[in-house]
Amino acid sequence: MPAYATNMRMKFPIVALALEIITIILFAVFVVYDDGKSHGHDSHSNETHHEVKPMDLYPMFQDVHVMIFIGFGFLMTFLKRYGFSSVGVNLLLAAFGLQWGLLMQGIWHLDDGKIKVSIFKIINADFSTATVLISFGAVLGKTSPVQLLIMTVLEITIFSINEHLVATVLEANDVGASMIIHAYGAYFGLAVARVLYRPGLRNGHENDGSVYHSDMFAMIGTVFLWMFWPSFNSAIADPGFSQLTAVINTYLSLAACVLSAYAISSLVEHKGKLDMVHIQNATLAGGVAVGTCADMNIGPFGAMLIGLVAGIISTLGFKYLTPVLASNLGIQDTCGVHNLHGMPGILGGLAGIVAVALGKKEGGNAAMQAAALASSLGFALVGGAITGLIMKLPFWGQPPDQNCFDDSIYWEVPEEEEENEESLAHADHSKNKAEV
Amino acid sequence: MPAYATNMRMKFPIVALALEIITIILFAVFVVYDDGKSHGHDSHSNETHHEVKPMDLYPMFQDVHVMIFIGFGFLMTFLKRYGFSSVGVNLLLAAFGLQWGLLMQGIWHLDDGKIKVSIFKIINADFSTATVLISFGAVLGKTSPVQLLIMTVLEITIFSINEHLVATVLEANDVGASMIIHAYGAYFGLAVARVLYRPGLRNGHENDGSVYHSDMFAMIGTVFLWMFWPSFNSAIADPGFSQLTAVINTYLSLAACVLSAYAISSLVEHKGKLDMVHIQNATLAGGVAVGTCADMNIGPFGAMLIGLVAGIISTLGFKYLTPVLASNLGIQDTCGVHNLHGMPGILGGLAGIVAVALGKKEGGNAAMQAAALASSLGFALVGGAITGLIMKLPFWGQPPDQNCFDDSIYWEVPEEEEENEESLAHADHSKNKAEV
Amino acid sequence: MPAYATNMRMKFPIVALALEIITIILFAVFVVYDDGKSHGHDSHSNETHHEVKPMDLYPMFQDVHVMIFIGFGFLMTFLKRYGFSSVGVNLLLAAFGLQWGLLMQGIWHLDDGKIKVSIFKIINADFSTATVLISFGAVLGKTSPVQLLIMTVLEITIFSINEHLVATVLEANDVGASMIIHAYGAYFGLAVARVLYRPGLRNGHENDGSVYHSDMFAMIGTVFLWMFWPSFNSAIADPGFSQLTAVINTYLSLAACVLSAYAISSLVEHKGKLDMVHIQNATLAGGVAVGTCADMNIGPFGAMLIGLVAGIISTLGFKYLTPVLASNLGIQDTCGVHNLHGMPGILGGLAGIVAVALGKKEGGNAAMQAAALASSLGFALVGGAITGLIMKLPFWGQPPDQNCFDDSIYWEVPEEEEENEESLAHADHSKNKAEV
């Protein structure tokens, strides 16, 4: 099977080390510690630089860090045989992505020709990796680590351009990044998934599903994301009452979203049962959807309404839209990122337009908000399509259809367990493990 | 089997959405952001309002948040087939409860007719949900999500009355809430469990036990609760040295408690082995028991003595008292909340009376401490009994005996796994999955 | 089998309770709350005592706390049948160790004859337990809880002497404790493992390996350690820019380390696959190795170079050195602490010597740095050897070879699960469960 050269022995180490060494060289040239003598390019510090201490944002940073590495990593461990890749490749992509993001975001804000690293900057670097981890969800199980490293480089580079456009040129508000992270990451990933469409998986794959314990591991990711989302949406808000507003809006939106996600899950499922896919994902849609307006004066009940609607849309999306996207549009969205990040991200962008139009944010401009949403979607779809084409080149070690959703193609998997799982499932997986 | 209408298709969505919509309406009328211009109704801010910034308590809040959603949620995943419900229904109840708690606690402290949401208030909202999650442990596996939502509404409403009485009328000290959360939540839940007594479970149930991996998941809950308990007990203490005292007392009480819980577990078990039930639960009793005195000047060794005794009492309770409660009093306490929250909560209340009598807290009054303990127990037992009677009404979808402790009655459970578990256990569960 | 009296019924409770009671008595005599009127013995508060508030370091403390209890605890759960012991005994040792560490570290810094407990002091107490948890990794599966409690007492006592020598006498820099915690803990543990050498395990043991789910649990530990390592390395740095520098250096070192660990893992494994042992451990080597220089002006790229090299050395160590240590030197290092803490710790010490020699730390002295490294290694090897000899005394309940790496010798293990695992593994474990 010459088309599938999945042996990573040379490709992966060379790509990974080359990227890291290039990155270190760029850091040597461009990156220094922030000595606190900034010339004020951070919008963040404009109003408050008289009292910000270097470590003030550190607890917020750690919450975001947990979301990136535990939250996204474990959320994707729901697949029965793909847990090593989910949490392990998540770590790889995020660890590289944060370095690359620090460079790509930093070049737009040079200070005496240098990127000065502060806690604010590493929060943003973590943020930039979230776009990749969202897109990773769309192609989970169907891509090689090398393909994903390439996606990381390209997606973060393009993200940084769009972010600069939205924040600095359009001066749009998107404090919790509904548009520039969630919608962008989702549609970028869906575009990649479309380009990498696999007709052979049209009728599903036996490993594309969960077992009891893998669903439990995924709940670790869900709950950490849910808990720390107020930090995500408020970390780069203006210190003080703006930050408090962002925390409270997100806290309440998420709480309301849980109720609607559970209610709709029960409503649409057989005999009123709850479906773990909805619980793991749709309960988070309230955090996505309130992102753009998080620091606006939308009122606690306004935040709750946004969360309520997001939970409904997201659950219905998982139930009715995802199958249609796969069968009719050739978009095989493994984790359903369209339902968790895509539609709720657009909802967040629209809510932001309305809120700004209603004067809920001093100095906001509804047209600029709309332009920001359009820009984010445009960069995502075009950038994702181009990135997908590059990832489709036949020498990046992508797995053949029958080895999708299976750790054992890229990981040493404990042998006894493989045996057990076979005996457990009363099924013959041996064809999946044939030498390819 | 007409008495057991466990199909949740209409009941659950209607109850959940109705509660959420009512809540949103109440929020629209009553709830606003705290703009920092409080008229000083928070006892918290009395002495220190000159320097409190809106986000100062945020890291403490996040620690408490983790205890509520990861701590309680995973602690209850020890049952072999009830992990989805444990962590999933925990999320549901806490997400609704924090909204309801914000309203119920807030109406006692209106400011210009409004409830002003601050970090302090959302910490207290999280606290109010802890009472429900403790009671949930007593009835775990034997109640439907609808029953539990009803319990959430009633328990938090009654809690808020008792809390107001204890804190504002009696002016008793209970910074770590040994009495008003732990003892209250435990005895409320035990009263509910008594009313919902199931003779059919007198001889146990095959699913009422753990497997190796479910015990591991439960340890995630245990350890997060254990680590962040100092935040629970100090979050609403007066800033500065009172808060430091609460942290140190809790840290040391918990550490001493671990040693006594392990020692007694080994002493009472076959061949001196350790029992996971004790390790998962009794190691936390020191955090409960030191709660009332946490910010008092009891000395580090005083805190350690309280922890030492709590670990002993709690472990002995699991070993010798829980079986007696079930067989003689008809109280089937699934998680043993009497041992983790009930007795240690009373111990905490008693320690508070003694400490105040010894002058360890400026301005304390031992009689008021005793009244607070009595009030908490009284509200718990009466409130729990009434709530239990309402929950016993036959149309809330409670599970029949044979489907207790089994996720598959309210959740879509991965099919293959069900097969595996059956084949694994060499047992025929099929009767449990019959249509009911 | 008289040589193996593994029944813990009397030994363990007596040892545990005796240690705790002695500790409480010592606390009653020596330990008080820090009232903020310190005479300035903390090097930490020298420059900044005019503005430090008692709770400033609390979020940092909680991050370190998570590393100790979740990080170390779950990292060691990779063994298929030793998860209860890994996370449970980790809790026991750390809970006792932090009390003992508070005493042992405190006696070098008495203030009016008292140890005044502050957040700074409990961070250091947590740190002292890390040495024991590292050594625990070297002897994991082959020691009884009683042996390990004895090791805890001795290792922390000796650690406190070396720490005092390094910090106060030599005045060496080791902010992230590459030398005094990581290298010390690793070589102490390796010395103990050498003394406790078991020829019977020369050819391995069927339980000395992972299964799929145990590797997933271990990743919880890995990721929490990875995320919070910046807090570990900066917690006791001087507040402000030193602390920021320590955070950024550690963040970047760890990120670079991930890339090199993944690359080398793929390079040395069969068909370029990734090995979970490397991912779980070598990705953390960058945090260890950058510890000594974390608060020095080594530049972001300098930190990344250290991380890159650490990831390479650590992965190669797991692949090529661990088997040699076991077969040629009689050092059976269960978790490979030599690769995660030993070699990277020495690398960190050497990097510190070079950095100080290059003037990257004001007031540093390269000779003192070298003396600190030598002292840490010397105390570790001699202390570990003596401790190993005491632990080898035949009445501490150590397990016989065939019961190594098996929870069921010291824990009640759910019966059904044992059955299942046997049926699963198509193997007869019954000999391991015979009464011994």
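It should be emphasised that the depicted structure is a prediction, and the values quoted were computed from it without experimental measurement.

**Here's the deal with the overall build of chain A**
Working step 1: Looking only at helices and strands, chain A has 15 helices and four strands in total.
Working step 2: Taken against the 2.2 N^0.38 rule, which gives 22 Å for 436 residues, the C-alpha radius of gyration of chain A at 21 Å falls within 12% of a compact globule.
Working step 3: Considered along the principal axes of its C-alpha atoms, chain A spans approximately 65 × 55 × 35 Å.
Working step 4: The 436 residues of chain A split such that 69% are buried.
Working step 5: Partitioning the contacts of chain A with sequence separation of at least 6, the portion at a separation of at least 24 is 84%.
Working step 6: When the accessible surface of chain A is totalled, it reaches about 12,900 Å², and 64% of it is carbon and sulfur.
Working step 7: The positive charge centre, built from 21 side chains, and the negative charge centre, built from 37, are 6 Å apart in chain A.

**Considerations on the relation of the copies chain A and chain B**
Working step 1: Overlay of chain A on chain B (RMSD 0.0 Å): rotation 120°, translation along the axis 0.0 Å. Given the turn and translation reported, the copies of this chain are related as if by a three-fold rotation axis. Across chain A, the smallest distance between a C-alpha and the rotation axis is recorded for proline 59 of chain A, namely 3.7 Å.

**A short note on the interface of chain B and chain C**
Working step 1: At the interface, 63 residues of chain B touch 74 residues of chain C.
Working step 2: In total, about 5,900 Å² of surface goes out of reach between chain B and chain C, with carbon and sulfur atoms giving 74% of it.
Working step 3: At the junction of chain B and chain C, the tally comes to zero salt bridges.
Working step 4: The tally of links from chain B across to chain C stands at 15 residue pairs in polar contact (both at pLDDT 80 or more).
Working step 5: Of all the secondary-structure elements, those providing two or more residues to the side of chain B that touches chain C are helix 2 (58-75), helix 7 (212-234), helix 8 (241-268), strand 3 (274-275), helix 9 (276-281), helix 11 (300-329) and helix 14 (415-425) of chain B.
Working step 6: Among the elements that take part in the side of chain B that touches chain C, helix 8 of chain B stands out by supplying 19 residues, more than any other.
Working step 7: Across the side of chain B that touches chain C, the residue classes tally to 40 nonpolar, 15 polar and eight charged.
Working step 8: Note that strand 3 of chain B and strand 4 (residues 411-412) of chain C share two bridges and pair parallel. Along strand 4 of chain C, the bridge assignment pairs aspartate 275 of chain B with glutamate 412 of chain C.

**What to know about helix 13 (residues 366-391) of chain C**
All names here are of chain C.
Working step 1: For helix 13, with 26 residues, the first-to-last C-alpha span of 37 Å sits near the 38 Å given by 1.5 Å per residue.
Working step 2: Here helix 13 has its buried residues at Gln369, Ala372, Leu373, Ser375, Ser376, Leu377, Ala380, Gly383, Gly384, Thr387, Gly388 and Met391.
Working step 3: Buried residues in helix 13 make contact with helix 5 (145-169), helix 6 (178-195) and helix 12 (337-357).
Working step 4: The opening residue of helix 13, the one whose side-chain oxygen lies 2.9 Å from the backbone nitrogen of alanine 367, is asparagine 365.

**As for the packing of helix 8 of chain B against helix 4 (residues 119-139) of chain C**
Working step 1: One can describe the packing of helix 8 of chain B onto helix 4 of chain C by two numbers: an axis separation of 11 Å at closest approach and a directional angle of 25°. By the angle between their directions, the pair helix 8 of chain B and helix 4 of chain C is classed as roughly parallel. By crossing handedness, the relation of helix 8 of chain B to helix 4 of chain C is classed as left-handed. Residues Leu244, Val247 and Tyr251 of chain B of helix 8 of chain B pack against Ile119, Ile122, Ala125 and Asp126 of chain C of helix 4 of chain C.
Working step 2: Considering only residue class, the contact of helix 8 of chain B with helix 4 of chain C consists of six nonpolar, no polar and one charged.

**What to know about the interface of chain A and chain B**
Working step 1: Each partner contributes to the interface: chain A provides 63 residues, whereas chain B provides 73 residues.
Working step 2: In total, about 5,900 Å² of surface goes out of reach between chain A and chain B, with carbon and sulfur atoms giving 74% of it.
Working step 3: Of all residues in chain A, Tyr212, Tyr251 and Leu259 of chain A bury the most surface against chain B, accounting for 14% of the area lost on that side.
Working step 4: Counting every contact that joins chain A to chain B gives zero salt bridges.
Working step 5: Where chain A touches chain B, the interface holds 15 residue pairs in polar contact (both at pLDDT 80 or more).
Working step 6: Elements represented by at least two residues in the side of chain A that touches chain B include exactly helix 2 (58-75), helix 7 (212-234), helix 8 (241-268), strand 3 (274-275), helix 9 (276-281), helix 11 (300-329) and helix 14 (415-425) of chain A.
Working step 7: Here the element with the most residues in the side of chain A that touches chain B is helix 8 of chain A; it accounts for 19 residues.
Working step 8: Grouping the constituent residues of the side of chain A that touches chain B by class yields 40 nonpolar, 15 polar and eight charged.

**Brief notes about helix 2 of chain B**
All names here are of chain B.
Working step 1: For helix 2, built from 18 residues, the straight-helix expectation of 26 Å at 1.5 Å per residue is met to within 8% by its first-to-last C-alpha distance of 24 Å.
Working step 2: Of all bends in helix 2, the biggest is about 30°, found at methionine 67.
Working step 3: In terms of burial, helix 2 is a largely internal element, 17 of the 18 residues being buried.

**Quick word on the packing of helix 1 (residues 11-30) of chain B against helix 5 (residues 145-169) of chain B**
To describe two helices that pack against each other, one gives the angle between their axes and the distance between the axes.
All names here are of chain B.
Working step 1: Contact geometry of helix 1 with helix 5 gives a least axis separation of 9 Å together with a crossing angle of 25°. One finds that helix 1 runs roughly parallel with respect to helix 5. For the crossing formed where helix 1 meets helix 5, the hand is left-handed. Contact with helix 1, carried on its side by Lys11, Phe12, Val15, Ala16 and Leu19, involves Pro145, Val146, Leu149 and Val153 of helix 5 and no other residues of that element.
Working step 2: Grouping the constituent residues of the contact of helix 1 with helix 5 by class yields eight nonpolar, no polar and one charged.

**What to know about empty space enclosed by the protein**
Working step 1: The full count for this structure, using the stated rule, is 15 cavities of 30 Å³ or more.
Working step 2: Forming the boundary of the largest cavity are 22 residues, of which Asp63 of chain A, Pro59, Asp63 and Phe228 of chain B together with Asp63 of chain C lie nearest the centre.
Working step 3: When residues of the lining of the largest cavity are traced back to their parent elements, those giving at least two are helix 2 and helix 7 of chain A, helix 2 and helix 7 of chain B together with helix 2 (58-75) and helix 7 (212-234) of chain C.
Working step 4: With six residues, helix 2 of chain B is the single largest residue contributor to the lining of the largest cavity.
Working step 5: Here the residues of the lining of the largest cavity sort into 16 nonpolar, three polar and three charged.

**Focus on unusual backbone geometry**
Working step 1: Phi angles above zero are rare outside glycine, and aspartate 112 of chain B is one such case at about 55°.
Working step 2: Mapping aspartate 112 of chain B onto the fold places it in the loop between helix 3 (83-106) and strand 2 (115-117).
Working step 3: Residues other than glycine seldom take positive phi values, yet phenylalanine 405 of chain C does so here, at roughly 60°.
Working step 4: Note on placement: phenylalanine 405 of chain C falls in the loop between helix 13 and strand 4.
Working step 5: Taking the relative accessible area as the measure of exposure, phenylalanine 405 of chain C reaches 2% and is therefore buried.

**Details of the packing of aromatic side chains**
Working step 1: Within the structure shown, the criterion is met by 48 aromatic pairs over all chains.
Working step 2: Residues phenylalanine 224 of chain B and phenylalanine 228 of chain B carry aromatic rings whose centres are separated by 5.9 Å and whose planes lie at 50° to one another, so their mutual orientation is tilted. Of this pair, phenylalanine 224 of chain B and phenylalanine 228 of chain B both sit in helix 7, four residues apart, which is roughly one turn of the helix. Here the two residues phenylalanine 224 of chain B and phenylalanine 228 of chain B agree in accessibility, since each one is buried.
Working step 3: Seen from the ring of tyrosine 197 of chain C, arginine 194 of chain C lies directly overhead, with NZ or CZ sitting 5.6 Å from the centre.

**Overview of the side chain of threonine 129 of chain B**
All names here are of chain B.
Working step 1: One can find threonine 129 in helix 4 (residues 119-139).
Working step 2: Using a relative accessible area of 1% as the deciding quantity, one classes threonine 129 as buried.
Working step 3: Other than its neighbours up to four places away in sequence, threonine 129 contacts Ile68, Ala94, Gly97, Leu98 and Ile156.

**A word on a nonpolar patch on the surface**
Working step 1: Taken together, the side chains of Leu381, Val382, Ile386, Ile390, Leu393 and Phe395 of chain A make up a nonpolar region of the molecular surface, amounting to roughly 510 Å² of accessible area.
Working step 2: Inspection of the secondary structure assignment puts isoleucine 390 of chain A in helix 13 (residues 366-391).

**A word on the environment of tyrosine 410 of chain A**
Working step 1: Assignment of secondary structure puts tyrosine 410 of chain A in the loop between helix 13 and strand 4 (411-412).
Working step 2: As for tyrosine 410 of chain A and glycine 397 of chain A, which are separated by 13 residues in sequence, their C-alpha atoms are 9.8 Å apart.

**Some thoughts on the confidence of the model for chain A**
Working step 1: Overall, the predicted model of chain A reaches an average pLDDT of 92, with 91% of residues at or above 70.
Working step 2: Scored by ipTM, the complex comes to 0.93, with pTM at 0.94.

**Some thoughts on the state of the cysteines**
Working step 1: The final tally for this structure, using the stated rule, is zero disulfides over all chains.
Working step 2: Distance from the sulfur of cysteine 257 of chain B, which forms no disulfide, to the nearest cysteine sulfur (cysteine 293 of chain B) is 15 Å.

**Concerning the environment of aspartate 34 of chain C**
Working step 1: Position of aspartate 34 of chain C among the secondary structure elements: in the loop between strand 1 (31-33) and helix 2.
Working step 2: In the structure, aspartate 34 of chain C is positioned 85 residues away from isoleucine 119 of chain C in sequence and 9.0 Å away in space, judged by C-alpha atoms.
Working step 3: Excluding residues within four positions of it along the chain, aspartate 34 of chain C makes contact with Phe241 and Leu244 of chain B together with Lys116, Val117 and Ser118 of chain C.
Working step 4: For aspartate 34 of chain C, the side chain forms a polar contact with the main-chain nitrogen of glycine 36 of chain C, separated by 2.7 Å.

Definitions and cut-offs
- Residues numbered from 1 in each chain as written.
- Chains lettered and ligands numbered in written order.
- Predicted model: local features only at pLDDT ≥ 70, side-chain atom pairs only at ≥ 80, totals over all residues.
- Heavy atoms only, no water.
- Helix = DSSP H or I, 4+ residues; strand = E, 2+ residues; numbered from the N terminus.
- Rg over C-alpha atoms; globule rule 2.2 N^0.38 Å.
- Buried < 20%, exposed > 50% of the residue type's maximum accessible area, 1.4 Å probe, protein only.
- Contact = heavy atoms within 4.5 Å.
- Areas by Shrake-Rupley, 256 points an atom, 1.4 Å probe, with all protein chains shown as cover.
- Lys, Arg positive; Asp, Glu negative; His and termini not counted.
- Charge placed at Lys NZ, Arg CZ, Asp CG, Glu CD.
- Least-squares fit on C-alpha atoms with pLDDT ≥ 70 in both.
- Buried area = accessible area lost by both parts, 1.4 Å probe.
- Salt bridge = Lys/Arg side-chain N within 4 Å of Asp/Glu carboxyl O.
- Polar contact = N/O pair within 3.5 Å; in protein donor to acceptor, adjacent residues only side chain to side chain.
- Nonpolar A, V, L, I, M, F, W, Y, C, P; charged D, E, K, R; others polar.
- Pairing = 2+ DSSP bridges.
- Expected span 1.5 Å × (residues − 1).
- Axes fitted to C-alpha atoms, helices over the stretch in contact; angles between N-to-C directions.
- Parallel < 35°, antiparallel > 145°, perpendicular 65-115°, else oblique.
- Left-handed = near helix turned anticlockwise from the far one by under 90°.
- Bend = angle between axes of the 7 residues up to and from the residue.
- 1 Å grid on protein atoms, 1.4 Å probe; cavity = no way out; pocket = protein on both sides within 12 Å on 5 of 7 lines; lining within 4 Å.
- Points joined across faces, edges and corners; volume = space filled by probe spheres on them.
- Phe/Tyr/Trp six-rings, centres within 6.5 Å; stacked < 30°, edge-to-face > 60°.
- Lys NZ or Arg CZ within 6 Å of the ring centre and 35° of its normal.
- Patch = residues over 30% accessible without salt bridge, like charges linked within 9 Å, V, L, I, M, F, W, Y side chains within 5 Å.
- pLDDT = per-residue confidence, 0-100.
- Disulfide = S-S within 2.5 Å.

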